[in-house]
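Tertiary structure, described
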Amino acid sequence: MQVHQVEFLISAVRPEQYPEADRPEIALAGRSNVGKSSFINTMVRRKNIARTSSKPGKTQQLNYYSVEDSLYFVDVPGYGYARVSKSEKKKWQEMLERYFRTRANLVLALLLVDFRHAPSKEDIQMKEFFEAYEIPYFVIATKSDKVKRSQWNKHLAQIKESLDLVTEDQILPFSSKTAEAKDEAWEIIEDVIAGAYED
């Protein structure tokens, strides 16, 4: 997709704050600092439409971005950040469960994991959550530029095994620094949207 128009719409917490469900929606989930904001910026070719932060756990709402007036990207709160209180974590969990269970136009969840490391316990739980609620998902392995090409097969195998995936084809190594696999990521999104709306 050639992106010319993108805008930040709203930081939502409750369903009544969500934008109208008039277009397909792509949710981005992952640990704090895995690179969700950088992924969005790379995909839409903007430097700062999604604010990156040096402070993990800063995203505490569902941040909606409108792309070409044809789809939404939704940056959901990062998980796995230890300094967030238990009560705050519970609020986030309830907010995310409500969102993922009820948002009718959600066609795809992108699970972002750090290509350099084995998926965390929270990554595995998020993947299992998507499967339990029958939400289509795809794994984006960020920071691929930090892994030597000769090590890619090893890291892909590690992610596949940890997440109990059927095939490594469910994982896309991606780099926001080099825009590695940006076009492939758009192809995945567009194919899912086409399939969801073909009827």
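Below or above, wherever it landed, is the structure these notes cover. Quick caveat: nothing in here was measured; it's all calculated off a predicted structure. (Residues numbered from 1 in each chain as written. Predicted model: local features only at pLDDT ≥ 70, side-chain atom pairs only at ≥ 80, totals over all residues. Heavy atoms only, no water.)

What to know about the overall build of the chain
To keep it simple, the criterion reads: By the criteria applied, helices consist of DSSP H or I runs no shorter than four residues and strands consist of E runs no shorter than two, each listed in order from the N terminus. Our radius of gyration is a C-alpha quantity, and the globule rule it is checked against amounts to 2.2 Å times the number of residues to the power 0.38. The buried label goes to any residue with under 20% of its type's maximum accessible area, the exposed label to any with over 50%, and the partly exposed label to all in between, with areas taken from a 1.4 Å probe on protein chains only. Pairs of residues are marked as contacts when any of their non-hydrogen atoms sit within 4.5 Å. Here the accessible surface of atoms and residues is derived via Shrake-Rupley with a 1.4 Å probe, and residues count as covered only by protein chains that are part of the display.
Looking only at helices and strands, the chain features 5 helices and 7 strands. Along the chain, helices and strands appear, N-terminal first, in the series β-β-α-β-β-α-β-α-β-α-β-α. Relative to the compact-globule value of 16 Å for 199 residues, the chain shows a C-alpha radius of gyration of 16 Å, a close match. Taken over 199 residues, the chain has a buried fraction of 48%. The contacts of the chain with a sequence gap of at least 6 include a subset with a gap of at least 24, amounting to 75%. In the structure as shown, the chain presents an accessible area of about 10,600 Å², 45% of it carried by carbon and sulfur atoms.

Structural notes on unusual backbone geometry
Phi angles above zero are rare outside glycine, and Asp69 is one such case at about 55 degrees. As for its placement among the helices and strands, Asp69 is situated in the loop between β3 (62-67) and β4 (71-75). According to the relative accessible area criterion, Asp69 is partly exposed, its value standing at 44%. The phi dihedral of Glu134 falls on the positive side, at around 55 degrees, and the residue is not glycine. Mapped onto the elements, Glu134 comes out in the loop between α3 (121-132) and β6 (137-142).

Notes on the pattern of salt bridges
Definition in use: Salt bridges are defined by distance alone: a side-chain nitrogen of Lys or Arg within 4 Å of a carboxyl oxygen of Asp or Glu.
Tallied over the entire structure, the rule returns 10 salt bridges. Lys127 is paired through a salt bridge with Glu131; the nearest N and O atoms lie 3.2 Å apart. Linking Lys127 with Glu131, this pair stays in helix α3, spanning 4 residues, or about one helical turn. Of the residues examined, Lys127 reaches a relative accessible area of 4% and is grouped as buried.

Focus on the pairing of strand β5 (residues 106-114)
The line we're drawing: When DSSP finds two or more bridges between two strands, those strands count as paired. Crossovers are described as right-handed under a simple rule: with the strands pointing away from the observer, the path leading from the first strand over the helix to the second runs clockwise.
With respect to burial, β5 is a largely interior element, 9 of its 9 residues being buried. Of the pairings in the sheet, the one linking β5 to β6 comprises 6 bridges and is parallel in character. When the sheet's bridge partners are listed, Leu110 is paired in β6 with Phe138. In terms of handedness, the path from β5 via α3 over to β6 forms a crossover that is right-handed.

Let's talk about the sheet that holds β3
The condition is simple: Every angle, taken between N-to-C directions, lies between 0 and 180 degrees, and every axis is a line fitted to C-alpha atoms, over only the stretch in contact when it is a helix.
With respect to topology, 7 strands assemble into an open sheet ordered β1-β3-β4-β2-β5-β6-β7, the strand pairing being mixed. The strands lining the two open edges of the sheet, one partner per strand, are β1 (6-12) and β7 (171-173). Taking the axes of each pair of neighbouring strands and ignoring which way they run, one obtains an average angle of 25 degrees across the sheet. Where strand β2 (residues 25-30) lies against β5, 6 bridges are found, and the strand directions are parallel.

Details of the packing of aromatic side chains
Rules: Aromatic rings from Phe, Tyr and Trp, taking only the six-membered ring of Trp, are treated as a pair when their centres fall within 6.5 Å; an angle between ring planes under 30 degrees marks them as stacked, one over 60 as edge-to-face, and anything in between as tilted. Charge-over-ring placement is defined geometrically: NZ (Lys) or CZ (Arg) within 6 Å of the ring centre, and within 35 degrees of the ring normal.
Taken as a whole and assessed by the stated rule, the structure comprises 13 aromatic pairs. An angle of 85 degrees between the planes, with centres 5.5 Å apart, marks the rings of Tyr64 and Tyr72 as edge-to-face. We classify Tyr72 as buried; its relative accessible area is 2%. When the centroid spacing of 6.4 Å and the interplanar angle of 70 degrees are considered together, the rings of Phe129 and Phe130 count as edge-to-face. The same class applies to Phe129 and to Phe130, which are both buried. Clustering of aromatic rings is evident, with ring pairs tying together Tyr18, Tyr64, Tyr72, Tyr99, Phe100, Phe129, Phe130, Tyr133 and Tyr137. The side chain of Arg149 reaches across the aromatic face of Trp152, ending 4.1 Å from its centre.

What to know about the side chain of Lys182
Structurally, Lys182 can be placed in helix α5 (residues 182-196). Overall, the relative accessible area of 16% leaves Lys182 in the buried class. Apart from residues no more than four positions distant in its own chain, Lys182 is found in contact with Thr42, Met43, Arg45 and Phe174.

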